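Topology and contacts: notes
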Amino acid sequence: MRPASRLFTARALRRARLSVLALAWPVLAAQAAQVAAGTAYDGPLFDAHLHYNEEACALGADCPYPVAEVLAMMQRAGVRAVVANSRPNDGTKSLAAATEATRAAGVTVVPFVRLYRNRADYTGWFADETIATMVQQELAAGTRAGPFRGLGEFHLYDSRNADGPIARRLMQLAQARGLVVLAHVDDDAIERLMAHAPQARLVWAHTGIGGVPIARVRALLQRHPTLMGELSYRPGLTDGEGRLSPEWQALLREFDTRFLVGSDTWINPRWGAYEALMAEARRWLGSLPADSARRIAWGNGARLFGLPE
């Protein structure tokens, strides 16, 4: 190629690059302005950690939060899908069975089998054969609206119990059947659980109890590609004004396909504050670029369970 031709080509390439930058600049500027201003995210939400326990709607006459009311709260909060689990599993079944009401509210219910029949099961499920039997029975029966899609939330207060026979068996069951696991555990238990079923899809409730250091969270995400983090109750997530802390903003931008939002309505006061909890999530999601915010708010959960992204 002659020198004049090379010069012409170089100028043409520079012009093309400048044209691309000119087209991209308004989008990048808008995202930067959103992050700087902390504008609240206003798109759909996927609540990946929701309980409809017997206290919220007891099996008897007392029902402080009936299905119609909780669906109305979700609709007002812009929540379009939820991972539902309950103690016992009747609450989840009642929520999933209300198909006309959920359709009217625009809410998709993704039901999980919880391992707890009562509060006593929290501390001994990992060595209890009757829990494994109950889980198999629930999976076989499903809900009136369709099959269960996951297992949990379950707790391990001593990470060594992740090596218990039932914990091992259920992780392997989840991997074999393509079920998602929701686990309230520490970082050591994450390693133990994933060792039983390296391809299992595991959602880490609160992304670590007690505030697992961010460096450790990053290392686990890098090591386990099917691990995702749910962000309710996460210490250090936000600053004093409800925006993401700098450390968490950096981590969420780096791994924006690996995190989910959640309400964790484990007690009735959380139901009473449901819309406020979702508004808080919208506030810190606004600290992120728009595409990252939407992935964490909706897209990651939708992709995980095959909903339209």
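These remarks concern the structure in this document. (Residues numbered from 1 in each chain as written. Predicted model: local features only at pLDDT ≥ 70, side-chain atom pairs only at ≥ 80, totals over all residues. Heavy atoms only, no water.)

**Examining helix α7 (residues 187–196)**
Of all the positions in α7, only A189, I190, L193, M194 and H196 are classed as buried. Along the axis of α7, the buried residues cluster in a sector spanning 145°; they form a single face. Residues of α7 that are buried make contact with β4 (150–155), α6 (165–177), β5 (180–184), β6 (201–204), α8 (214–223) and β7 (227–230). N-capping of α7 is provided by D186, with a side-chain oxygen placed 3.2 Å from the backbone N of D188. (Buried < 20%, exposed > 50% of the residue type's maximum accessible area, 1.4 Å probe, protein only. Helix = DSSP H or I, 4+ residues; strand = E, 2+ residues; numbered from the N terminus. Arc of directions from axis to C-beta. Contact = heavy atoms within 4.5 Å. Polar contact = N/O pair within 3.5 Å; in protein donor to acceptor, adjacent residues only side chain to side chain.)

**Section: the packing of α7 against α8**
In contact at an axis separation of 11 Å, α7 and α8 are set at 10° when each is read in the N-to-C sense. Here α8 runs roughly parallel to α7, going by the angle between their axes. In this structure, α7 uses D187, D188, I190 and E191 to contact α8, whose residues at the interface are R216, L220 and R223. In the contact of α7 with α8, the residues fall into 2 nonpolar, no polar and 5 charged. (Axes fitted to C-alpha atoms, helices over the stretch in contact; angles between N-to-C directions. Parallel < 35°, antiparallel > 145°, perpendicular 65-115°, else oblique. Nonpolar A, V, L, I, M, F, W, Y, C, P; charged D, E, K, R; others polar.)

**Here's the deal with the sheet that holds strand β3 (residues 108–113)**
On the basis of which strands lie adjacent, the open sheet formed by 8 strands has the order β1-β2-β3-β4-β5-β6-β7-β8 and parallel pairing. Among the strands making up the open sheet, the edge pair consists of β1 (45–51) and β8 (259–260). Relative to β5, β4 is paired through 5 bridges, and the arrangement is parallel. Of the residues in β5, the one forming a bridge with H155 is H184. Strands in contact with helix α2 (residues 67–77) are β1 and β2 (79–85); relative to β2, the strand with the most contacts, it is inclined by about 140°. Along the sheet, helix α11 (residues 274–285) makes contact with β1 and β2, crossing β1 at roughly 135°. (Pairing = 2+ DSSP bridges.)

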